[in-house]
Amino acid sequence: MTENQYIEVCKLTDEILQSKSASSTRVAIPWLHVLHLHLHKYEVIYDNNIITKYKISKQKLLNIASLILLLSKALFHSHYSKWLKSIGNQLKIDTLFVSHLLNKSQYYQENDFYFSDLPQKISDAGFKSLVVAINHTDVVDFHDANINSKNLKKLVLPSSLGFFDEMKNLGLLWAEYKTLKKEAKLEKNKIKKKFLYFAAINSLSSGSLTSLRLATQIGLITRLLEPKSLITTHEGLAWERKVFETARQINPNIKCIAYMHAPIFKNQHAVKRNLAKQFNPDIILVSGDTQKHQLAKCQLLKDIQINILGSVRCLSKGANNTDLKIINKTIHQQSCLVAPVGMRAEIDLLFDFSLKCAKAMPDCIFIWRLHPLFAFNKLKYSNLPSNIILSDRTLESDLVESQWLLYKTSSIVIQAVV
């Protein structure tokens, strides 16, 4: 996608989200939240008609299949009632954190992957907090709330609601689908017409249903536990906006805070977008001065407070000078850390390329590092050469042992240089 096409895509998604005929359900459609330039899913808008028709049909079938799977899970394998019971046993809280569970081991770790020891510091200050995590693992059911040694509780959000609640949310999406289809038929601009059709198709997707599910779950927690503040990660995703809206519907005085843990790159869009007030955070927390300066220059966010929280990456001591001297003495080979982000296309691109390099350069070590969302045993690679190492170590260890970093969009490059 060219940069001009990307700018047009951003403009069109803004128009569609803020259309007078749009209901608040439209914000739940992930396809309308453009994160950054490197998103191939929008290229179909500029394809020729034959390819477009094929991709539309394919997307429809995939969406129907995923929805059937989700509804059958809600009907036959839902753990929602058990989760509701665990929520009912919780005490009232002051701060609700919405984080992510990327792998099973994180459930038992004391510090959160994104917020580190912040919940503990809030507890030490005399306030009650709860961390709820969106489940990105293959584990279906995490039992009662995990309580660590410092009595901080962690709940994992179930991957489905009850069947009737899922159907209710699907009904909202169906109504929005019909509205988008109607807008598409009336639209004269060919590009926007095509965009509206794809928005309609993607309104009936598992991602859209997930956005509404997360909003329903956080809304229920807000109603039962009455938090005064809600803190979520902030990447410009659809569910983040819907969660803010739902929490405010239950408690108009709740403070909605969004934490941007990652750097801001050129052409990022959704994190800088100003939607209707109910979908925006009251405060955006960033990891450093650079991010604060970048957002402060954005006129659309002038009414939103921006503060520095810091980053979990700054908390690790890493290796001191003595460690570095010891490691440098023991390393006799050149080592290259290969670090894709959590997208399958980027993993394939960097691993395929570095595999060819490893075969051509047997004296160089290539350390493959995966995003926590992925596991090596689920990838296509086997019979790898001996100079490829599959890392299960800390990022600091991999960085210290590498003289080179191969990356595409990962913010690891910043930490590597530091």
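As a reminder, the structure under discussion sits directly above these lines.
Everything numeric here is computed off the predicted structure, so don't read it as measured data.

Student: Summarise the side chain of arginine 26; cite the residues concerned and give the values.
Tutor: When you line up the elements, arginine 26 lands in the loop between helix H1 (3–17) and helix H2 (49–76). Judged by relative accessible area, which is 0%, arginine 26 ranks as buried. Apart from the residues within four sequence positions on either side, arginine 26 is in contact with Ile16, Leu17, Ser19, Ser21, Leu32, Glu176, Thr179, Leu180 and Glu183.

Student: Which residues make up the layout of surface pockets, and what are the values?
Tutor: Its boundaries defined by the atoms lining it, the second largest pocket holds a volume of some 330 Å³. Elements that contribute at least two residues to the lining of the second largest pocket include exactly helix H5 (163–186), helix H7 (206–225) and helix H8 (238–250). At six residues, the largest contribution of residues to the lining of the second largest pocket is made by H7.

Student: So what's going on with the packing of aromatic side chains? Which residues, and what values?
Tutor: Counted under the stated rule, the structure contains 14 aromatic pairs. Ring centres of tryptophan 31 and phenylalanine 195 lie 4.6 Å apart, and the angle between their planes is 50°; this geometry places the pair in the tilted category. Here tryptophan 31, found in the loop between H1 and H2, pairs with phenylalanine 195, found in helix H6 (residues 190–203); they are 164 residues apart in sequence, far enough to count as distant. Put simply, the rings of Trp31, Tyr42, Phe195 and Phe198 pair up and form one aromatic cluster.

Student: Before we move on, can you summarise the sheet that holds strand E11 (residues 388–390) with the specific residues and values?
Tutor: With parallel pairing, four strands are arranged side by side in an open sheet as E11-E10-E9-E12. Each edge of the open sheet carries a strand with a single partner, namely E11 and strand E12 (404–406). Direction aside, neighbouring strands of the sheet carry axes that sit 25° apart on average. Two elements, strand E9 (residues 335–338) and E12, share three bridges in a ladder whose sense is parallel. Bridge pairing in E12 links cysteine 336 to tryptophan 404. On top of the sheet, helix H11 (residues 344–360) reaches E9, strand E10 (365–368), E11 and E12; it is set at about 160° to E10, its chief contact.

Student: Requested: an account of the pattern of salt bridges, with residues and values cited.
Tutor: Under the counting rule described, the total for this entry stands at 15 salt bridges. Here aspartate 14 ties to arginine 273 by a salt bridge, and the two come within 2.6 Å at their closest N and O atoms. Linking aspartate 14 in helix H1 with arginine 273 in the loop between strand E6 (255–260) and strand E7 (283–286), this pair joins segments that are 259 residues apart in sequence. Exposure remark for arginine 273: the relative accessible area of 3% places this residue in the buried category. In this structure, the salt-bridge partner of glutamate 176 is arginine 26, at a minimum N-O distance of 2.6 Å. One end of the pair, glutamate 176, is in helix H5; the other, arginine 26, is in the loop between H1 and H2, and 150 residues separate them in sequence. By the burial criterion, glutamate 176 is buried, and arginine 26 matches it.

What counts, and at which threshold
Residues numbered from 1 in each chain as written. Predicted model: local features only at pLDDT ≥ 70, side-chain atom pairs only at ≥ 80, totals over all residues. Heavy atoms only, no water. Helix = DSSP H or I, 4+ residues; strand = E, 2+ residues; numbered from the N terminus. Buried < 20%, exposed > 50% of the residue type's maximum accessible area, 1.4 Å probe, protein only. Contact = heavy atoms within 4.5 Å. 1 Å grid on protein atoms, 1.4 Å probe; cavity = no way out; pocket = protein on both sides within 12 Å on 5 of 7 lines; lining within 4 Å. Points joined across faces, edges and corners; volume = space filled by probe spheres on them. Phe/Tyr/Trp six-rings, centres within 6.5 Å; stacked < 30°, edge-to-face > 60°. Pairing = 2+ DSSP bridges. Axes fitted to C-alpha atoms, helices over the stretch in contact; angles between N-to-C directions. Salt bridge = Lys/Arg side-chain N within 4 Å of Asp/Glu carboxyl O.

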